[in-house]
Structure formats: structure tokens, C-alpha cells
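# Working through the structure, step by step
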Amino acid sequence: MSTPTAPLPSPTPAPGRSLSAWWQATPLTAVFAVFFLVPLALILMVSFWDFNEYELLPGFTFKNYIAIFDGCGNTSEMCVTLKTYLSTFKFCFMVWLITLVVGFAVSYFLAFHIQSQGTQTLLFVLCTIPFWTSNVIRMISWVPLLGRNGLVNQGLMGAGLVDQPVEWLLFSDFSVTLAFVHLYTMFMIVPIFNSMMRIDRSLLEAANDSGASGWQTLWNVIVPLSRTGIIIGSIFVITIVMGDFVTVGVMGGQQIASIGKIIQVQTSYLQFPLAAANAVILLAIVLMIIWALTRLVDIRKEL
Amino acid sequence: MKRAPGFVPLAFVFALFVLFMYGPMFVIFILSFQGPEGGLTFPLRGLSLHWFAKLAEGLGVVDIGAALRRSLGLGLAVMACTVVFSVLAGLAFRKKLAGGNTLFFIVIASLIMPSIIVSLGIGLEFRLLDGGIKWALETLGMQDTLDNYGTALGLFTSALGAHLTWTLPFGLLIMFAIFNRFNPAFEEAARDLGATPWQGFKHVVLPLIAPSVVGIGMFGFTLSWDEIARTSQAIGDVNTLPLELQGLTTTVTTPSIYAIGTVTTVVSFIVMGITLLLVKFLGRKQKGRS
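Residues numbered from 1 in each chain as written. Chains lettered and ligands numbered in written order. Predicted model: local features only at pLDDT ≥ 70, side-chain atom pairs only at ≥ 80, totals over all residues. Heavy atoms only, no water.

## What to know about the overall build of chain B
Across its full length, chain B carries 12 helices and 0 strands. Across chain B, helices and strands are ordered from the amino to the carboxyl terminus as α-α-α-α-α-α-α-α-α-α-α-α. Taking 2.2 N^0.38 as the reference for a compact globule, 290 residues should give roughly 19 Å; the C-alpha atoms of chain B span a radius of gyration of 24 Å, well beyond that estimate. Projected onto the principal axes, the alpha-carbon positions of chain B cover approximately 85 × 70 × 35 Å. Counting all 290 residues of chain B, 52% fall into the buried class. The contacts of chain B with a sequence gap of at least 6 include a subset with a gap of at least 24, amounting to 73%. (Helix = DSSP H or I, 4+ residues; strand = E, 2+ residues; numbered from the N terminus. Rg over C-alpha atoms; globule rule 2.2 N^0.38 Å. Buried < 20%, exposed > 50% of the residue type's maximum accessible area, 1.4 Å probe, protein only. Contact = heavy atoms within 4.5 Å.)

## Describing the overall build of chain A
Along chain A, the regular secondary structure elements total 14 helices and 2 strands. Here the C-alpha atoms of chain A give a radius of gyration of 25 Å, more than 25% beyond the 19 Å that 2.2 N^0.38 yields for 303 residues. With 303 residues in all, chain A has 49% of them scored as buried. For chain A, the proportion of contacts with a sequence separation of at least 24, taken over those separated by at least 6, is 66%. Of the side chains in chain A, 13 bear a positive and 14 a negative charge, and the two mean positions are spaced by 8 Å. (Lys, Arg positive; Asp, Glu negative; His and termini not counted. Charge placed at Lys NZ, Arg CZ, Asp CG, Glu CD.)

## A short note on the nonpolar core
Ranked by internal contacts, the top residues of the largest apolar core, which has 165 residues, are Phe104(A), Leu110(A), Ile222(A) and Leu282(A). Setting aside anything within four residues of it in sequence, one finds Ile222(A) in contact with Phe104(A), Tyr108(A), Phe112(A), Met196(A), Ile199(A), Leu204(A) and Thr217(A). (Core = buried A, V, L, I, M, F, W, Y, C linked by side-chain atoms within 4.5 Å.)

## What to know about unusual backbone geometry
Residue and element names in this part refer to chain A. In this structure, Phe 171 takes a positive phi of about 55 degrees despite not being glycine. Tracing the backbone through its elements, the reader meets Phe 171 in the loop between α7 (151-158) and α8 (173-197). Residue Phe 171 is classed as partly exposed on the basis of its relative accessible area of 46%. In this structure, Leu 270 takes a positive phi of about 60 degrees despite not being glycine. Along the polypeptide, Leu 270 turns up in the loop between α13 (259-268) and α14 (272-302). Under the relative-accessibility criterion, Leu 270 is labelled partly exposed at 42%.

## With respect to the side chain of Ser110(B)
Tracing the sequence through the fold places Ser110(B) in helix α4 (residues 100-112). Residue Ser110(B) is classed as buried on the basis of its relative accessible area of 0%. In this structure, Ser110(B) is in contact with Phe32(A), Phe36(A), Thr165(B), Pro169(B) and Arg230(B), ignoring residues within four places of it in sequence.

## Structural notes on the interface of chain B and chain A
In this complex, chain B contributes 90 residues to the contact, which on the side of chain A involves 86 residues. Across the chain B/chain A interface, buried area totals approximately 7,600 Å², and carbon plus sulfur atoms make up 81% of it. Here chain B and chain A share 7 residue pairs in polar contact (both at pLDDT 80 or more) between them. Among the residues forming the side of chain B that touches chain A, the class breakdown is 63 nonpolar, 20 polar and 7 charged. (Buried area = accessible area lost by both parts, 1.4 Å probe. Polar contact = N/O pair within 3.5 Å; in protein donor to acceptor, adjacent residues only side chain to side chain. Nonpolar A, V, L, I, M, F, W, Y, C, P; charged D, E, K, R; others polar.)

## Considering the pattern of salt bridges
Residues and elements named next belong to chain A. Following the criterion strictly, the structure yields 4 salt bridges over all chains and no others. One salt bridge in this structure joins Asp 173 and Lys 90, with 2.7 Å as the shortest N-O distance. Taken as a pair, Asp 173 in helix α8 and Lys 90 in helix α3 (residues 80-113) lie far apart in primary sequence, 83 residues in all. Owing to a relative accessible area of 38%, Lys 90 belongs among the partly exposed residues under this scheme. (Salt bridge = Lys/Arg side-chain N within 4 Å of Asp/Glu carboxyl O.)

## Re the environment of Leu110(A)
As for its placement among the helices and strands, Leu110(A) is situated in helix α3. Of the residues examined, Leu110(A) reaches a relative accessible area of 0% and is grouped as buried. When the C-alpha positions of Leu110(A) and Gln164(A) are compared, they lie 41 Å apart, and in sequence the two are 54 residues distant. Apart from the residues within four sequence positions on either side, Leu110(A) is in contact with Gln120(A), Leu123(A), Phe124(A), Phe193(A) and Phe14(B).

## Considering a nonpolar patch on the surface
On the surface, Phe26(B), Ile30(B), Phe33(B), Leu44(B), Leu47(B) and Leu49(B) cluster together into a nonpolar patch covering about 590 Å² of accessible area. Within the secondary structure, Leu47(B) is located in the loop between α1 (7-31) and α2 (50-57). (Patch = residues over 30% accessible without salt bridge, like charges linked within 9 Å, V, L, I, M, F, W, Y side chains within 5 Å. Areas by Shrake-Rupley, 256 points an atom, 1.4 Å probe, with all protein chains shown as cover.)

## Regarding the packing of α4(B) against helix α7 (residues 155-180) of chain B
All names here are of chain B. Contact geometry of α4 with α7 gives a least axis separation of 8 Å together with a crossing angle of 125 degrees. Taken together, the axes of α4 and α7 lie oblique to each other. Every pair of crossing elements has a handedness; the one defined by α4 and α7 is left-handed. Along its contact with α4, which presents Phe 104, Val 107, Ile 108, Ser 110 and Leu 111, the element α7 presents Thr 165, Trp 166, Pro 169, Phe 170, Leu 172, Leu 173 and Phe 176. Grouping the amino acids of the contact of α4 with α7 by side-chain chemistry returns 10 nonpolar, 2 polar and no charged. (Axes fitted to C-alpha atoms, helices over the stretch in contact; angles between N-to-C directions. Parallel < 35°, antiparallel > 145°, perpendicular 65-115°, else oblique. Left-handed = near helix turned anticlockwise from the far one by under 90°.)

## Some words on the packing of aromatic side chains
Throughout the structure, instances matching the rule amount to 29 aromatic pairs over all chains. Each ring, one from Phe26(B) and one from Phe29(B), has its centre 6.2 Å from the other, and the planes form 85 degrees; the classification is edge-to-face. Residue Phe26(B) and its partner Phe29(B) are both found in helix α1; the two are separated by 3 residues, about one turn of the helix. What makes Phe26(B) partly exposed here is its relative accessible area of 47%. Taken together, the ring pairs connect Phe131(A), Phe180(A), Tyr184(A), Phe187(A) and Phe236(A) into an aromatic cluster. Directly above the ring of Phe91(A) sits Lys90(A), whose terminal nitrogen or CZ lies 5.2 Å from the centroid. Looking at Arg94(B), its charged tip hangs above the ring of Phe179(B), at a distance of 4.4 Å from the centre. (Phe/Tyr/Trp six-rings, centres within 6.5 Å; stacked < 30°, edge-to-face > 60°. Lys NZ or Arg CZ within 6 Å of the ring centre and 35° of its normal.)

## Quick notes on the confidence of the model for chain A
Considering every residue of chain A, the mean pLDDT works out to 84; 91% of them sit at 70 or more. Counting contacts from residues 1-16 of chain A, a segment whose pLDDT is below 50, to residues more than four positions away or on other chains yields 11 contacts. (pLDDT = per-residue confidence, 0-100.)

## Some points on the state of the cysteines
Each disulfide consists of one covalent bond between the sulfur atoms belonging to two cysteines. Within the structure shown, the criterion is met by 0 disulfides over all chains. There is no disulfide at Cys92(A), and the cysteine sulfur nearest it, in Cys79(A), is 19 Å away. (Disulfide = S-S within 2.5 Å.)

## Points about the packing of helix α4 (residues 117-128) of chain A against α8(A)
Residues and elements named next belong to chain A. Two numbers describe how α4 lies on α8: the axes approach to 10 Å, and their chain directions differ by 160 degrees. Considering the angle they form, α4 stands roughly antiparallel to α8. The crossing of α4 and α8 is left-handed. Contact with α4, carried on its side by Gln 120, Phe 124, Cys 127 and Thr 128, involves Met 186, Ile 189, Val 190, Phe 193 and Met 197 of α8 and no other residues of that element. The residue makeup of the contact of α4 with α8, split by class, is 7 nonpolar, 2 polar and no charged.

Here it is, written out as C-alpha cells:
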């Protein structure tokens, strides 16, 4: 009998073996073929179709793309599409920065300051529980706090700090960013914490013994070794915020534009080719950001 | 014990973070138990189950009970499919799977794809399918069937598929984590004792991975239960509870909306509780055997 850790006896498995593996992978493959690959291909196809009020008209036209960038050549005033993307980028950057800082601090505390493993697990689970509640519920839970007559305004008025309720707390850029941070910091914490737990603790001791200060250890040892987690978390947060329409809708009081929102509105008017063209552009931009993120890190690693 | 430098400020940050996470939710729970006079904000006016009763009657045109049943049904279907498909795929990836890397890349791509794009694509796909079916029915001259035909979009077709593109990546990643720690010696022992592959799976592998498989089921259900973005364009005429809820945020101005929040959260927690009990039970059973 071979030892348990020995590699599989036959380097080239029998064809039947590979066949049975594919048989097992078939349901999963079928789901992603039918509900992921084909839909993406159809989006690309339909983005070149024409449409009228009643139906889609198969064909090949750049009309939809031209319509999206209509007026963007005008230098005096920005076109709607560019404005929307700028606003989406703004949220994306803010949310990314805040979730990264908060997520890193929380993960660092859990990974390096909590010594007992039991406490560590308990605190980690404590952080993940809110993630299991409906996103909409977590959004509207800010209403009684931030609303015109909400707790924050009551407190501020009570303390005599303001005479009138502060209006920008709810249905504003502020509330949208706050909700995003509330909803998605978890997507940063889990991968960063995971990376940090894999760091060999003796490296920290070595840094300490070599006379590195706390900051030096943090910046030169922990941050580079948490890189994978930081990138994975960033990709999650950025793709979510780029495509979001629910949070921006609910927390922005349906006033703030986002690219996801535009796609949603266009589909509700059955303007599928327009929505598809928007989706193609959004996808291209998200892919470029992800690509840049992974490049950025590889370059730094090589320096 | 001497604390490492930075412990106190970081502990403070952590405490603030936990407060930030939980604070608003507790506010919702408290406010959902308002008296009949209560509004959307503090102060709390009375204490009653009034808004839960209002909720049971339905909110305006929205039948909350029906939406709840739809969400439950869809969640259970998603859970079953996620468990079966993930376990099968997990087993497949342990063997030499030609093209396995490509498949894994596609699954991860689905995980980080903006949900609105996936949703739009599936919606489009089923609408084009509708067109095709209608054309086929017309060509075949089946006028009656054509008149009765609505759409292929639905809870257990397009919406189920949309949810699976979101839950299966999680399921597969968990399966990878399980099989990374799995000791193949147990299986080999079973094989040496003459077990067929199916017996080996049923009596050896499955009991060992059972607690984590239950976890995958929980992931599947709760992710589906709260899902909006992938469902939004892919569900057709009916709505799930989160979608109804999203619509209600702009129209409902009574604590009823907080009551729905409390109810859906309680369901999530019941599912998590059942899962934990099951995991514990399965773990104990395993210990009893060895």
C-alpha cells in the first residue's frame, strides 16, 4: 500500500478517470455556461442591435455606443455619461480607501493583538454576523439615525450645536458612502485577516530583533505579506461599488446617478441594446481596474 | 500580561467598528416594536406587535406573505443545487480535470462580475428565448399554446440560475478548503478493504465532510435569501422578498418596514442556528464513530 502522502500512483490517469471527473463537474459547468457565459455573449451581441418601443431589432449598429457618448466631445459642459462615471469612481475610491483602512486595522487587531485563539474566533464571528442580514435592512437601519428627525440630529440639536436639523446626513453622498462601508468592509476583513494569519510569526520577531520599529515592521513586513488579501478585498469592493444600483438608489434617495442605476432604468424601459452597451463599457472599465490592480502589485513586488 | 504597543487604540477602533456594525440594526429591531402611534424615528411610542400585525395584512399592493414564500422556496432550491453541484465539482477537481483551470477562472470571474451585468445578461437571454419559443409556436401553428404562453423568466428558471452564479463560487471555494485539509488515507483504506467508489464516498468521505457541506447549504440559502442585484433583471413578473423590500423603502413610511427587517433577520438567524446545531450533531456523530 502506498503511503497516504504519496502522489497519485499513475501520472497519466486512465481515460475513464478523467471522464468521471468531467461527469461530476458537468452540473457546475452547465450552470456557468447557461447563466454566465451565454448571457455575457448575448450582452455583447445585443449591444450592437437596434430597438424600437416594442421589440429588439437584430442587426449591427454602433448607435447605442454613440448615444452613450453623445455630447461628450463638448468641452464646456461634461456629458451625462462622463459625469456618471466620475461620480461612480468617486464613490469607488472613497469606499475603497475607507474599507481598506478600517478593514486592515480590524484584521491587524484580530490577527496580531488577540493571543487566545478562542477569543480570536469569537471576535471574528462577531464581525461576520451582520453580513448575514439583508442589505436593504442594513441600509434602512440608518434612516432612524441620520434622518431629519433622527437620533444624530436630535443629539446635535439637544446639545445646542445646530439650530436646524442637518440635511446632508441622509440621501446624500455621505449616506451612500457610509452605507457602502457598513455593508462591504467585511469583504476587506476576511481576505486580509486570512493573509495575516498565514504570516510566519517568527518574521515579526526577526524584524523586532533586527531593531525595526513597530511602524517599520508594519510597513516592510506585514503590509507586503498581506498583499494578496488586500488585492482580493479591493477587487471585491471595487467591483461591487462600480456595478451597484441598490445602495446608491436607496441611500441616495434615488437622486444620485450611478452606472448600475442607468442600466437598471434602461432595462425597465426595455431599452436592452442601450443597457447592454452600457454594461459592455462598465465591464471593460472594471476589467481594466482589476488588471491595473494586479499589475500595480506585481511591479512593486519586483522593485 | 504586557500588551503589545498599539493594543489600546486598536481595541478602541475595533470596539467602534463593532458598534458601527450592530448599532443601526438594533435601532431597527427596537423601533419595529413601536406602539400604533409610532413613527420612523425615536422616541419610541409604546410597545406592541402592532406593526407585525400590519405586515401580516400586507402593505398596500404588496403581498408580503407570498413574497416570503417565494423567497423561501427559491432559497431552498438554491441551497439544494449549491450543495449538490459544489460537492460534485469539488470531487471532480481532486482528480485530473482537463480544462479545470479554465472552469475555475470562469467561476471566480462570476464572483467578481458586477451583479447588474450578470442579471441583465440572464434577463436578455430569457427574453430572446421567449421570442424564439413564440416564433416556434407560431410556425407550428399552435395558436392556443401561444396565447397562453407568458415568459420563460421565472423563479425556478432564470432567478434560480442567477442565484447559482453567486452561490456556487462560494460553495466551490469552501469545497477546495475542505479537500485541502482532507486526508486521502481514509479513502485508500476503504478502497483497500474493497469498497466501491460510491461506497467509499457514502461511508467515508461524506461523513467526514458533512459539517462543511451543511455550511455550504447555509451559505447558499442565506446568500439567496438576501439577494437583490442578480435577481433584479432576471426574475420576470413576480418579486422576491428583498426586491419587494427595496421597492417599499420609497413608499412605506411606517415602522412596518422595520418589522419586515426584523422578520427577515430572524429567518436568517434561525437558518444559521439550525446549521450550527446540525454541524455540532454531525461532528459528535463522527467522534462517536472513530
